[in-house]
Amino acid sequence: MLTDVLTGWTAETLGGLTVLAAVALAGWFRRCLAVSSSVSSPAPAVTSTVRTYTLLGVRAADGQPVHLPSSRAAGSRVIWNGPAREEFVLTDAVLPDGTYAAERVGLYQP
């Protein structure tokens, strides 16, 4: 009778420890996989919103300021193909009309 109790207890204990080890190993593997995937892939980009930029020093044919919609971040350089190709840098400066300023860098020389 004691042999039956010890044999049953040993089998149940070894089975429980095996299941516990398998769950711990699966959790460790999952955590390592998540860490390696977050290290190898770049951080998700911030959702970009479209801003309207006013090109400073540029007027349209009717005399109105030229507006450029863009989802690029401030500090980016863009080229405007007007009468002369000009390069502008986008800024975070808000103008009185609610648009953002794009400052002229100079004529674009290809």
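Our subject is the structure listed above.
Residues numbered from 1 in each chain as written. Predicted model: local features only at pLDDT ≥ 70, side-chain atom pairs only at ≥ 80, totals over all residues. Heavy atoms only, no water.

Draft legend 1. Fine view of the pairing of strand β3 (residues 77–81). Alternating positions in β3 separate cleanly, Val 78 and Trp 80 being buried on one face and Arg 77, Ile 79 and Asn 81 remaining unburied on the opposite face. The pairing of β3 with strand β4 (residues 85–94) spans five bridges and is classified as antiparallel. Along β4, the bridge assignment pairs Asn 81 with Arg 85. Between β3 and the antiparallel strand that follows it, β4, lie three residues. (Buried < 20%, exposed > 50% of the residue type's maximum accessible area, 1.4 Å probe, protein only. Helix = DSSP H or I, 4+ residues; strand = E, 2+ residues; numbered from the N terminus. Pairing = 2+ DSSP bridges.)

Draft legend 2. Expanded view of the nonpolar core. The biggest cluster of nonpolar side chains holds nine residues, and these are Tyr 53, Leu 55, Val 58, Val 66, Val 78, Trp 80, Phe 88, Leu 90 and Ala 102. Among the elements of the structure, β1 (51–59), β3 and β4 are those that each provide at least two residues to this core. Per-element tally for this core: the top contributor is β1, with three residues. (Core = buried A, V, L, I, M, F, W, Y, C linked by side-chain atoms within 4.5 Å.)

Draft legend 3. Broad picture of the packing of aromatic side chains. If you walk through the whole model with that rule in mind, you get one aromatic pair. With a centroid separation of 5.9 Å and an interplanar angle of 50°, the aromatic rings of Tyr 53 and Tyr 100 are classed as tilted. Here the residue Tyr 53 occupies a position in strand β1, and Tyr 100 occupies one in strand β5 (residues 100–107), the gap between them amounting to 47 residues. With a relative accessible area of 0%, Tyr 53 lands in the buried category. The ring of Tyr 100 carries the charged tip of Arg 51 above its face, separated from the ring centre by 4.1 Å. (Phe/Tyr/Trp six-rings, centres within 6.5 Å; stacked < 30°, edge-to-face > 60°. Lys NZ or Arg CZ within 6 Å of the ring centre and 35° of its normal.)

Draft legend 4. How the structure looks around the pattern of salt bridges. Overall, the coordinates contain three salt bridges when judged by the stated rule. The residue Arg 51 makes a salt bridge to Asp 92 at a minimum N-O spacing of 2.7 Å. On the criterion of sequence distance, the pair formed by Arg 51 in strand β1 and Asp 92 in strand β4 is long-range, its members being 41 residues apart. (Salt bridge = Lys/Arg side-chain N within 4 Å of Asp/Glu carboxyl O.)

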